[in-house]
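In case you want the letters, here they are:
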There are 2 protein chains.
Amino acid sequence: MTSDALTSYVATFVDGLVSSGIADVVISPGSRSTPLALTMAECDELNVYTNIDERSAAFFALGIAKAKQHPVVLLCTSGTAAANYFPAIVEAHYSRVPLVVVTADRPHELREVGAPQAIDQVNLYGKYAKWFVDVAIPESSVEALRYIKQVAKRAVHVAERGGQGVTHVNFPLREPLLPNLAEVHNFFEERREERKKVSERIGSQADVAYVEQLLERAEKPLFICGQQISKEGSREIVALADMLNIPILADPLSNIRTNKLVQGVVMDSYDTFLKNERVAEELAPDLIVRFGGMPVSKTTLKFITNYAPENFIMVDHTLDWRDPTGTITDVIVSHEEFLCRSLREQCENITFSKNWLSKWMNVQNITSDLLQQAMDNTEELDEGKVVVELQKALPEQSLLFVGNSMPIRDVDTFLRKSSKSLDVLANRGANGIDGVVSAALGASTTYHHSVLLIGDVSFYHDLNGLLAAHLNGLNLTVVLVNNDGGGIFSFLPQAKEEKHFELLFGTPLGIDFSNAVKAYHGSFHKASNWADFRHYLEESFRTKGVTVIEIETVRTKNVETHRSMWKDIEDVLNEEKEK
Amino acid sequence: MTSDALTSYVATFVDGLVSSGIADVVISPGSRSTPLALTMAECDELNVYTNIDERSAAFFALGIAKAKQHPVVLLCTSGTAAANYFPAIVEAHYSRVPLVVVTADRPHELREVGAPQAIDQVNLYGKYAKWFVDVAIPESSVEALRYIKQVAKRAVHVAERGGQGVTHVNFPLREPLLPNLAEVHNFFEERREERKKVSERIGSQADVAYVEQLLERAEKPLFICGQQISKEGSREIVALADMLNIPILADPLSNIRTNKLVQGVVMDSYDTFLKNERVAEELAPDLIVRFGGMPVSKTTLKFITNYAPENFIMVDHTLDWRDPTGTITDVIVSHEEFLCRSLREQCENITFSKNWLSKWMNVQNITSDLLQQAMDNTEELDEGKVVVELQKALPEQSLLFVGNSMPIRDVDTFLRKSSKSLDVLANRGANGIDGVVSAALGASTTYHHSVLLIGDVSFYHDLNGLLAAHLNGLNLTVVLVNNDGGGIFSFLPQAKEEKHFELLFGTPLGIDFSNAVKAYHGSFHKASNWADFRHYLEESFRTKGVTVIEIETVRTKNVETHRSMWKDIEDVLNEEKEK
């Protein structure tokens, strides 16, 4: 569709609703909702009902949805029109009837400025909407269309699953409000076959059968595992992947990378080898099943976005729809343990060509070896090598708590898969650098040996948190990578803009941490070389209280080392391809 | 500035902050906030402080603001960074310290999809922010820049006046995050003189002096009066305008158009004559003072937007900033009565040329006469003429309650200024067509004679409301203009799109209202000509309970009549110009 933003955005939204199984829409007349109303009326597969009084309209839609046991869409204009839906929405909430409420709204510049017929519609129905979204103003970019399609699917999905109820999509629209109906018509014709592929699964056995069917059709399946996977879940995922020869991208926080169960199917170096475009292209999957939260690796995010397969399933415990790439095609609400065990019982006749797995293992092995070599050859103090040294030195069953920003990325790159169990934890809900010391101390209460790997800015941010160790008699080894400022900013585009850089981003702290640590009754050591480091680390495991081991690095040098290592690996992988 | 959206939008925002008197900004380092941080650092007039821990940063800003008694800006990145501001924000709220909190945020497509470092920042500080706005994604259109400039001014304004406190601007930003600093630099240089014009008024006498000074400098001042002006206020506004020869655009809901006080300075036909571009250009003011809510007239809105003067003051009881045109330059929080009385005492030496007022009175008189003639010549039933007939027939001190959509627009066009007092009311908070019957019945409780002028769709919407009249012994004359559907849509662009038009917009109701009215114990009459209409109207004033007088009109004919009348008037005004 080569049309204007309004036409393509609204048509894609309506297409998304119908693709998700919507067949009925109840429209109340209005001006601001014109583009949505016209586009819905243009879609042959939709039964369009009109009802002037929005209060009646909503109860009418409720009646259809109750009778059909299937979500119905409501559409009205901005202002009190939307408020008239409220009684029926409350009824739908308590009687668990699935409704997708679409309200047109004024664009941002006409909100709360006394514009006519504009009320604050954000979260208008409060807790009575299971999900509310105030969508972006229409645009025609690929990303915008992907986004609005996902909004439509999610609105229907959330309304009909996990306790049926109401979802509310608030739709800001600018004038002019007339879509190009001829283009809408052609678009709907082109997409007709696609829309028929509506999946009508309800219930968990249907989910299992659905994934089994996708696996049967696939030739190049891939599993991706992030944080928040239970130990039982990770056991079942690995067993299933091992049985079927499916490669797993195992995030360091996934419970799969450093675990007794670890197998050949587990990949740990993908953040490095998927940077190589030729490798990535060759490893493009035709089915992805993602478990747990988003992985740390940005390279993987890019890989998923660029090579999004036709079927991309997310298995999650809730319908939170955690997919910033906008490429998932379906969400399965299930515990990963239950789903994978059931699949293992039912997929006995499926096997994938060893060739597919071999391709992955080949680059994985080369890359892993090269990373190992690079670290073996590093004599000076280096942020990456700290991870390698820690993995060697930490006793079985220890806790490795990882700070955000650079440390978690280094752990993703340098923590090798290993049957020596380590629990790797980090605050990856909102990825803040704040509160990390306190969170690590909290976690340390259930481990024999606990190490926190953290940068200086983040350590400073929660320096106060150290007091709790003294007051509560806790033991923690803090490995403080001190590059005197915000190291991650040297990897970002603003590093090229030298003006204001140190003031705004580098922010050298110039703190002598030894004094601060003493203030909180901790031990402090500065390691000048790796022998020192190993020594202090060993010693800390035998010492009560907090031990801080500082390693001084240089921000600019760190960027150079990382980049030159990645470049070297890229070259080797390219040579490998050309053989 | 011919730059990209990010650069111009962010620079305009920062320029708006500084123009409003901001001198200090406390920045915590982060990635998402990069464009704002760099642009602020580039502005010579800003003292930039950096503070890594956002909790400390916010208290640091609080300290500056306390000491200076002047708003300070805080800037941080997305995620928990913003949550760290909370303790200081709560303190600022209770100790009334003005802070403008600016938080960078992910764009809409990365919200609530599990994207890293993205939390829900909408209304993050709840009631502790006096004003919260989630601004639009950067754009470089004139409207977008006007919008973001107003946001900046409003954020500072609201923080420092009417009980000092915290305002929160949430700023979604897309990658790439680097503005063009060279362009920012040039833009700030060009605007340097403008930024110096910071007004430092505090207190109401300073406001009076400020408006006096603007009046002294003006040559072509204009008053605009909307709804929500008190009777005392309208008396003082008219007296001031009359003393100084300032024309007043008097909305029908302003308490000024149909009022004993009415004077030559009061204009009632502007919605018609300002449609003429040549007239509008000649009447462009160099100062506007607006009182009350937005006027009904869309033509006036366009006039204000196209000819926005250098100084455009809004006088309002609160800082709600009701200006959808984005062209006001200052808000004065004052009761209009107090402000105008003070000005009348202090402006005795100011007089404006009669020539300016004469220009207005000239087109006003011509237009008013032509509207009157057009109605005098109309024999058949017509939606405009109903207003003229009502104004003639209604006794002094009556209530005219007006439905939304077409009736209020017809009242704006056809209700003449007159010393016969009428109270004209309408639901213009959110302009809904719902609940109008009930609202009119409520209002009728304090009048001897009450008339509701309403269309059929709106009447149907609250038909149930009629029961209250019977139960509570209320008297109301309902003049029902029945054009069998939504008449206003025939004036909108979708009328050209015939496909689906009647289904979605025309929505003919096909209701026989006589039966419905009987059901609620009311009297019903259908007027077939004006003599009938006058007769039934007179009779209704002597009848208890609800009387509904139906006038049947034709939607398409109504559009034609309105348009041809406006065309005729435009022609006469053009001839007048050419004389």
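Residues numbered from 1 in each chain as written. Chains lettered and ligands numbered in written order. Predicted model: local features only at pLDDT ≥ 70, side-chain atom pairs only at ≥ 80, totals over all residues.

Looking at an unreviewed UniProt entry, chain A carries the name 2-succinyl-5-enolpyruvyl-6-hydroxy-3-cyclohexene-1-carboxylate synthase, with the source organism given as Priestia endophytica DSM 13796. Quoted straight from UniProt, the Catalytic activity (unreviewed entry) entry for chain A says "isochorismate + 2-oxoglutarate + H(+) = 5-enolpyruvoyl-6-hydroxy-2-succinyl-cyclohex-3-ene-1-carboxylate + CO2". Of the comments in the UniProt record for chain A, the one headed Subunit (unreviewed entry) reads "Homodimer." (UniProt positions renumbered as here; feature names shortened; annotations may be inferred.)

Caption draft 1: Quick look at the overall build of chain A. Of regular secondary structure, chain A possesses 24 helices and 18 strands. For 579 residues, the compact-globule formula gives about 25 Å, and the C-alpha radius of gyration of chain A, at 27 Å, lands near that figure. Every one of the 579 residues in chain A was classed for burial, and the buried ones make up 55%. (Helix = DSSP H or I, 4+ residues; strand = E, 2+ residues; numbered from the N terminus. Rg over C-alpha atoms; globule rule 2.2 N^0.38 Å. Buried ≥ 20, exposed ≤ 12 C-beta atoms within 10 Å, placed from the backbone.)

Caption draft 2: Quick look at the packing of helix 1 (residues 5-19) of chain A against helix 7 (residues 181-190) of chain A. All names here are of chain A. Interaxial distance between helix 1 and helix 7 falls to 10 Å at its minimum, and their mutual angle equals 40°. Taken as a pair, helix 1 and helix 7 cross one another with a handedness that is right-handed. Judged by residue contacts, Thr-7, Ala-11 and Asp-15 of helix 1 engage Glu-183, Val-184, Phe-187 and Phe-188 from helix 7. Residue composition of the contact of helix 1 with helix 7, by class: four nonpolar, one polar and two charged. (Axes fitted to C-alpha atoms, helices over the stretch in contact; angles between N-to-C directions. Left-handed = near helix turned anticlockwise from the far one by under 90°. Contact = placed C-beta atoms within 7 Å. Nonpolar A, V, L, I, M, F, W, Y, C, P; charged D, E, K, R; others polar.)

Caption draft 3: Highlighting the pairing of strand 2 (residues 47-50) of chain B. Residue and element names in this part refer to chain B. Of the strand pairs in this sheet, strand 1 (residues 24-27) and strand 2 are connected by four bridges, and their pairing is parallel. Note on strand 2: the bridge partner recorded for Asp-24 is Asn-47. Crossover connection from strand 1 via helix 2 (residues 34-42) to parallel strand 2: handedness right-handed. (Pairing = 2+ DSSP bridges. Right-handed = clockwise from strand over helix to strand, strands pointing away.)

Caption draft 4: Region of interest: the sheet that holds strand 8 (residues 248-250) of chain A. All names here are of chain A. Across the sheet, which stays open at both edges, the six strands sit in the order 9-8-7-10-11-12 with parallel pairing between neighbours. At either end of the open sheet lies a strand with only one pairing partner, and these are strand 9 (266-267) and strand 12 (330-333). Note that strand 8 and strand 9 share two bridges and pair parallel. Bridging from a neighbouring strand, Ile-248 pairs with Val-266 of strand 9. Helix 9 (residues 204-217) contacts strand 7 (221-225), strand 10 (287-291), strand 11 (311-316) and strand 12 of the sheet and is inclined by roughly 145° relative to strand 11.

Caption draft 5: Region of the structure containing the interface of chain B and chain A. Facing the 58 residues of chain B at the interface are 58 residues of chain A. No other element matches the four residues that helix 2 of chain B contributes to the side of chain B that touches chain A.

Caption draft 6: Local environment of the pairing of strand 16 (residues 476-482) of chain B. All names here are of chain B. Across the seven residues that make up strand 16, a large majority, seven, are buried. In this sheet, strand 16 lies alongside strand 15 (residues 450-455) in parallel orientation, the contact comprising five bridges. Pairing of Leu-452 across the sheet is with Val-478, part of strand 16. Bridging between strand 16 and strand 18 (residues 546-552) involves seven bridges; their strand directions are parallel. The residue bridging Thr-477 from the neighbouring strand is Thr-547, located in strand 18.

Caption draft 7: Region of interest: the sheet that holds strand 13 (residues 398-402) of chain A. Residues and elements named next belong to chain A. Ordered by their spatial adjacency, six strands build an open sheet running 14-13-15-16-18-17, and the pairing between neighbours is parallel. Two strands lie at the open edges of the sheet, namely strand 14 (422-426) and strand 17 (523-527), each paired on one side alone. The sheet shows a mean angle of 20° between the axes of neighbouring strands, direction not considered. Note: strand 13 against strand 15 (residues 450-455), four bridges, orientation parallel. Across the sheet, residue Phe-401 finds its bridge partner in strand 15, namely Leu-452. Seen against the sheet, helix 17 (residues 406-414) touches strand 13, strand 14, strand 15 and strand 16 (476-482) and runs at an angle of roughly 115° to strand 15. Contacts from helix 18 (residues 436-444) reach strand 13, strand 14, strand 15 and strand 16 within the one sheet, and its direction differs from that of strand 15 by about 170°.

Caption draft 8: Quick look at the relation of the copies chain B and chain A. Overlaying chain B with chain A gives an RMSD of 0.1 Å, the required rotation being 180° about an axis along which the chain moves by 0.0 Å. Seen this way, the second copy is the image of the first under a two-fold rotation axis. When you check the interface residues of chain B against chain A, 100% turn up at the interface there too, and the contact is symmetric in its surfaces. (Least-squares fit on C-alpha atoms with pLDDT ≥ 70 in both.)

Caption draft 9: Seen up close, the domain arrangement of chain A. Residue and element names in this part refer to chain A. Considered domain by domain, chain A is made up of domain 1 (5-196), domain 2 (204-364) and domain 3 (378-564). A separation of 30 Å is found between the C-alpha centroids of domain 2 and domain 3. Contacts between the two partners involve 16 residues from domain 2 and, on the opposite side, 17 residues from domain 3. For the side of domain 2 that touches domain 3, a count of residues per class yields six nonpolar, six polar and four charged. (Domains from an automatic or database assignment.)

Caption draft 10: A look at the nonpolar core. Judged by nonpolar contacts, the single largest core of 106 residues is most densely connected at Phe-223, Cys-225, Ile-248, Leu-400, Leu-452, Val-479 and Leu-480 of chain A. Considering every element that reaches this core, the biggest residue donor is helix 15 (residues 354-376) of chain A, with seven residues. Apart from the residues within four sequence positions on either side, Ile-248 of chain A is in contact with Phe-223, Cys-225, Ile-237, Val-238, Ala-241, Ile-256, Val-265, Val-266 and Met-267 of chain A. Of all hydrophobic cores here, the second largest spans 104 residues; its members include Leu-240, Val-266, Cys-340 and Leu-343 of chain B. (Core = buried A, V, L, I, M, F, W, Y, C linked by C-beta atoms within 7 Å.)

Caption draft 11: Region of the structure containing unusual backbone geometry. For the bond running from Glu-175 of chain A to Pro-176 of chain A, omega is 0°, close enough to zero to count as cis. Mapped onto the secondary structure, Pro-176 of chain A falls in the loop between strand 6 (166-172) and helix 7. Backbone geometry places His-521 of chain A, a non-glycine residue, at a positive phi of 65°. In this fold, His-521 of chain A is placed in the loop between helix 22 (513-519) and strand 17. The phi dihedral of Asn-431 of chain B falls on the positive side, at around 60°, and the residue is not glycine. If you trace the backbone, Asn-431 of chain B turns up in the loop between strand 14 (422-426) and helix 18 (436-444). On the basis of neighbour count, Asn-431 of chain B is assigned to the partly exposed category, with 19 C-beta atoms found within 10 Å.

Caption draft 12: Just the environment of Asp-330 of chain A, in detail. The residue Asp-330 of chain A is located in strand 12 in this model. Sequence separation between Asp-330 of chain A and Ser-204 of chain A is 126 residues, and the spatial gap between their C-alpha atoms is 14 Å.

Caption draft 13: Broad picture of the environment of Lys-149 of chain A. All names here are of chain A. Of note, Lys-149 is situated in helix 6 (residues 142-160). With 19 C-beta atoms counted inside 10 Å, the residue Lys-149 sits in the partly exposed group. Look past the residues within four positions of Lys-149 in its chain and what remains in contact with it is Thr-12 and Gly-16.

Caption draft 14: Focus on the environment of Leu-62 of chain A. All names here are of chain A. One can find Leu-62 in helix 3 (residues 54-68). Classification of Leu-62 as buried rests on a count of 24 C-beta atoms within 10 Å. For the pair formed by Leu-62 and Tyr-128, sequence separation is 66 residues and the distance between their alpha carbons is 14 Å. Excluding anything up to four places from it in sequence, Leu-62 contacts Ala-88, Glu-91, Ala-92, Val-97 and Leu-99.

Caption draft 15: Highlighting helix 16 (residues 383-393) of chain A. By the criterion of burial, helix 16 of chain A is predominantly enclosed, with eight of the eleven residues buried. Turning to helix 16 of chain A, its buried residues are Glu-383, Gly-384, Lys-385, Val-386, Val-387, Val-388, Glu-389 and Leu-390 of chain A.

Caption draft 16: Focus on helix 3 of chain A. All names here are of chain A. Across its 15 residues, helix 3 extends 21 Å between first and last C-alpha, which sits within 8% of the 21 Å expected from 1.5 Å per residue. Looking only at helix 3, the buried set comprises Glu-54, Ala-57, Ala-58, Phe-60, Ala-61, Leu-62 and Ala-65. Contacts from the buried residues of helix 3 go to strand 1 (24-27), strand 2 (47-50), strand 3 (72-76), helix 4 (80-83), helix 5 (86-95) and strand 4 (99-105). Following helix 3 by one or two positions, Gln-69 adopts a phi angle in the positive range, close to 50°. (Expected span 1.5 Å × (residues − 1).)

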